Amino acid sequence: MVARQGLCSSRSQFGILYRHAVPMGTTAKEEMNKFWTKNTRLNRPVSPHISIYQWSVPMMMSISHRGTGVALSSGISAFALAALVLPESYPYYLDLIHSMSFGPQFLAFSKFALAFPVAYHTFNGIRHLMWDVGKGFKIPEIYRSGYVVIALTILTSIGLAAV
């Protein structure tokens, strides 16, 4: 009986909280509509807007780093899912690709297309790790490290495609 009374009294305490709750005046959709109506009336641009920025190497490298990260994650996930779902084993599909007898130019291009995002994301990731340590934040250093990443990416991709 004592536990039951405690339970009932705790419910009444929560009832006090609910009794003083005030419903919201507007919904999120109404607030969003008010925001866009005001911005349209004042002729404000959507910010940040792509047209107000001058494109630069660091900006493109940041976007590319995110893109290669998403592409690599998606590719690895698709490969793993295919390995789980497809009926045959990996050597079967490898032999199937070899039997298609693609030309050497196509194979070299395919290797380069696979190596480039891996190399770029790796080298640019090392660049980001250097920034995490606190090195390379001056504008000339940012550009120089960007050009080094691009050069290393191209050379590494060519080297891996030639193997």
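See the structure above.
Residues numbered from 1 in each chain as written. Predicted model: local features only at pLDDT ≥ 70, side-chain atom pairs only at ≥ 80, totals over all residues. Heavy atoms only, no water.

Brief notes about the overall build of the protein
Scanning the protein from N- to C-terminus turns up six helices and zero strands. Starting at the N terminus and walking to the C terminus, you meet the elements of the protein as α-α-α-α-α-α. Taking all 163 residues of the protein together, 12% fall into the buried category. Looking at the protein alone, contacts between residues at least 24 apart form 77% of all its contacts between residues at least 6 apart. Accessible surface computed for the protein: about 13,400 Å², of which carbon and sulfur atoms make up 70%. (Helix = DSSP H or I, 4+ residues; strand = E, 2+ residues; numbered from the N terminus. Buried < 20%, exposed > 50% of the residue type's maximum accessible area, 1.4 Å probe, protein only. Contact = heavy atoms within 4.5 Å. Areas by Shrake-Rupley, 256 points an atom, 1.4 Å probe, with all protein chains shown as cover.)

Description of the pattern of salt bridges
Pairing of side chains with opposite charge becomes possible as their charged atoms draw close. Following the criterion strictly, the structure yields one salt bridge and no others. In this structure, the salt-bridge partner of Glu-31 is Lys-34, at a minimum N-O distance of 3.2 Å. Of the two residues, Glu-31 and Lys-34 are both situated in helix 2 (residues 28-41); the distance of three residues between them amounts to about one turn of the helix. (Salt bridge = Lys/Arg side-chain N within 4 Å of Asp/Glu carboxyl O.)

Comments concerning the packing of helix 3 (residues 57-85) against helix 6 (residues 139-162)
Geometry of a packed helix pair, given as the angle between the helix axes and the separation of the axes. Where helix 3 contacts helix 6, the two axes come as close as 10 Å, and the packing angle between them is 50°. Between helix 3 and helix 6, the crossing angle belongs to the class labelled oblique. Helix 6 is crossed by helix 3, and the crossing has left-handed handedness. Residues Val-57, Pro-58 and Met-61 of helix 3 pack against Ile-142, Tyr-143, Gly-146, Tyr-147, Val-149 and Ile-150 of helix 6. Grouping the amino acids of the contact of helix 3 with helix 6 by side-chain chemistry returns eight nonpolar, one polar and no charged. (Axes fitted to C-alpha atoms, helices over the stretch in contact; angles between N-to-C directions. Parallel < 35°, antiparallel > 145°, perpendicular 65-115°, else oblique. Left-handed = near helix turned anticlockwise from the far one by under 90°. Nonpolar A, V, L, I, M, F, W, Y, C, P; charged D, E, K, R; others polar.)

Quick word on the packing of helix 3 against helix 5 (residues 104-133)
Orientation of helix 3 relative to helix 5, taken along the N-to-C sense of each, is 125°, at an axis distance of 9 Å. In terms of axis orientation, helix 3 runs oblique to helix 5. Between helix 3 and helix 5 lies a crossing of left-handed hand. Along the contact surface, helix 3 presents Met-61, Ser-64, His-65, Thr-68, Gly-69 and Leu-72, while helix 5 presents Pro-117, Val-118, Tyr-120, His-121, Asn-124, Gly-125, Arg-127 and His-128. When the residues that make up the contact of helix 3 with helix 5 are grouped by side-chain class, the tally is five nonpolar, eight polar and one charged.

Description of the environment of Ile-154
Structurally, Ile-154 is set in helix 6. Taking the C-alpha atoms as reference points, Ile-154 and Tyr-120, separated by 34 residues in sequence, lie 8.3 Å from one another. Residue contacts for Ile-154: discarding those within four places in its chain leaves Phe-112 and Phe-116.

Points about helix 6
Its 24 residues give helix 6 an end-to-end C-alpha distance of 35 Å, which sits within 8% of 34 Å, the value for a rise of 1.5 Å per residue. What helix 6 keeps buried is the set Ile-142, Gly-146, Val-149, Thr-153, Ser-157 and Ala-161. Against helix 3 and helix 5 lie the buried residues of helix 6. (Expected span 1.5 Å × (residues − 1).)

Here's the deal with the packing of aromatic side chains
One pass over the structure, following the stated rule, counts eight aromatic pairs. Considering the side-chain rings of Tyr-143 and Tyr-147, the 6.4 Å spacing of their centres and the 45° angle between planes classify their relative orientation as tilted. Separated by four residues within a single helix, Tyr-143 and Tyr-147 lie in helix 6, roughly one turn from each other. Look at Tyr-143 and you get partly exposed, because its relative accessible area is 29%. With a relative accessible area of 45%, Tyr-147 lands in the partly exposed category. These aromatic residues form a ring-pair network of at least three members: Phe-112, Phe-116 and Tyr-120. (Phe/Tyr/Trp six-rings, centres within 6.5 Å; stacked < 30°, edge-to-face > 60°.)

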